[in-house]
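Per-entry structural report
Below, each chain spelled out in residue letters.
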Amino acid sequence: MLSKKMTDALDEQINKEIYSAYFYLGMSAYAASKGLAGFANWFYKQWNEEIFHAKKMFDYVHAEGQRVTLKAIDNPPQDFTSGPDLFEKTLAHEKKVTGLINNLVKLAQEENDKTTEDFLQWYVKEQKEEEATPAGILEKISKAGKDEKGISEVDGELVKRK
Ligand code: FEO
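Scope of this entry: the structure provided in the associated data block. (Residues numbered from 1 in each chain as written. Predicted model: local features only at pLDDT ≥ 70, side-chain atom pairs only at ≥ 80, totals over all residues. Heavy atoms only, no water.)

1. A few points about the overall build of the protein
Counting secondary structure elements, the protein contains 5 helices and 0 strands. Viewed in the frame of its principal axes, the protein has a C-alpha envelope of about 55 × 25 × 25 Å. Here the protein, with 162 residues, has 45% of them falling under the buried criterion. Nonlocal contacts in the protein, meaning residues at least 24 apart in sequence, comprise 81% of its contacts between residues at least 6 apart. Carbon together with sulfur atoms contributes 53% to the accessible area of the protein, which is approximately 8800 Å² in total. (Helix = DSSP H or I, 4+ residues; strand = E, 2+ residues; numbered from the N terminus. Buried < 20%, exposed > 50% of the residue type's maximum accessible area, 1.4 Å probe, protein only. Contact = heavy atoms within 4.5 Å. Areas by Shrake-Rupley, 256 points an atom, 1.4 Å probe, with all protein chains shown as cover.)

The following block contains the structure:
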């Protein structure tokens, strides 16, 4: 069974994952308002992915015999300057999330909680992808150019995200 300390920390991370979902949903709304359908699609899909991250952790806490306590979700930012700005902020955000996951792993080790440490490895691996993907998109933007033509080319690719 999870310790109280570990449960509280996982509750906090569930909150952060739902915040991430909200953060990306706001980005999707911004992109849609600017006519960037591909960017809007990408962030809409990312919203779903973050909800999956939260659900997976929620289910784990319950499977381990504890109850999740939900907290208020912070307001996400609403103002962005461009499509590339969205991915710069995404990369910065995911780097922060990686730090939070690493702290959870450290706590699981301190608590001698091998089951949670193992469970968290999925997130450690996922975070590599969560950083690599926006970094790759930023590279594509940089190659295509930040002018209307370049952004529209990248937008055409982002619309394909399933
Ligand atoms: Fe749930 Fe984007 O990390």
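2. Focus on the layout of surface pockets
Approximately 160 Å³ is the volume found for the largest pocket. If you trace the largest pocket, you find it lined by Asn-15, Lys-16, Tyr-19, Ser-20, Asp-74, His-93, Lys-96, Val-97 and Leu-100. Every element with two or more residues in the lining of the largest pocket is listed here: α1 (4-33) and α3 (83-110). Classifying every residue of the lining of the largest pocket by side-chain character gives 3 nonpolar, 3 polar and 3 charged. (1 Å grid on protein atoms, 1.4 Å probe; cavity = no way out; pocket = protein on both sides within 12 Å on 5 of 7 lines; lining within 4 Å. Points joined across faces, edges and corners; volume = space filled by probe spheres on them. Nonpolar A, V, L, I, M, F, W, Y, C, P; charged D, E, K, R; others polar.)

3. Concerning α3
With 28 residues, α3 should reach 40 Å at 1.5 Å per residue; the first-to-last C-alpha distance of 41 Å fits that figure. Positioned one or two residues after α3, Asn-112 has a phi angle of 55°, which is positive. (Expected span 1.5 Å × (residues − 1).)

4. Comments concerning the side chain of Glu-50
If you trace the backbone, Glu-50 turns up in helix α2 (residues 37-63). Although Glu-50 lies buried, it forms no salt bridge, and the closest oppositely charged side chain, Arg-161, sits 7.8 Å away as judged by the N-O distance. Among all residues touching Glu-50, those that are not within four sequence positions of it are Glu-17, Ser-20, Ala-21, Tyr-24, Glu-94 and Glu-130. (Lys, Arg positive; Asp, Glu negative; His and termini not counted. Salt bridge = Lys/Arg side-chain N within 4 Å of Asp/Glu carboxyl O.)

5. Quick look at the nonpolar core
One recurring pattern in soluble globular proteins: nonpolar side chains tend to sit buried together. If you look at the biggest cluster of nonpolar residues, it comprises 21 residues, and the most contacted ones within it are Phe-39, Leu-86 and Phe-87. For this core, the secondary structure elements donating two or more residues are α1, α2, α3, α4 (114-144) and α5 (148-158). The element that contributes the greatest number of residues to this core is α1, accounting for 6 residues. Beyond its immediate stretch of four places on either side in the chain, Phe-87 contacts Phe-39, Trp-42, Phe-43, Pro-134, Ile-137, Leu-138, Ile-141 and Leu-158. (Core = buried A, V, L, I, M, F, W, Y, C linked by side-chain atoms within 4.5 Å.)

6. Things to note about unusual backbone geometry
Unlike most non-glycine residues, Asn-112 shows phi in positive territory, near 55°. With respect to the helices and strands, Asn-112 occurs in the loop between α3 and α4.

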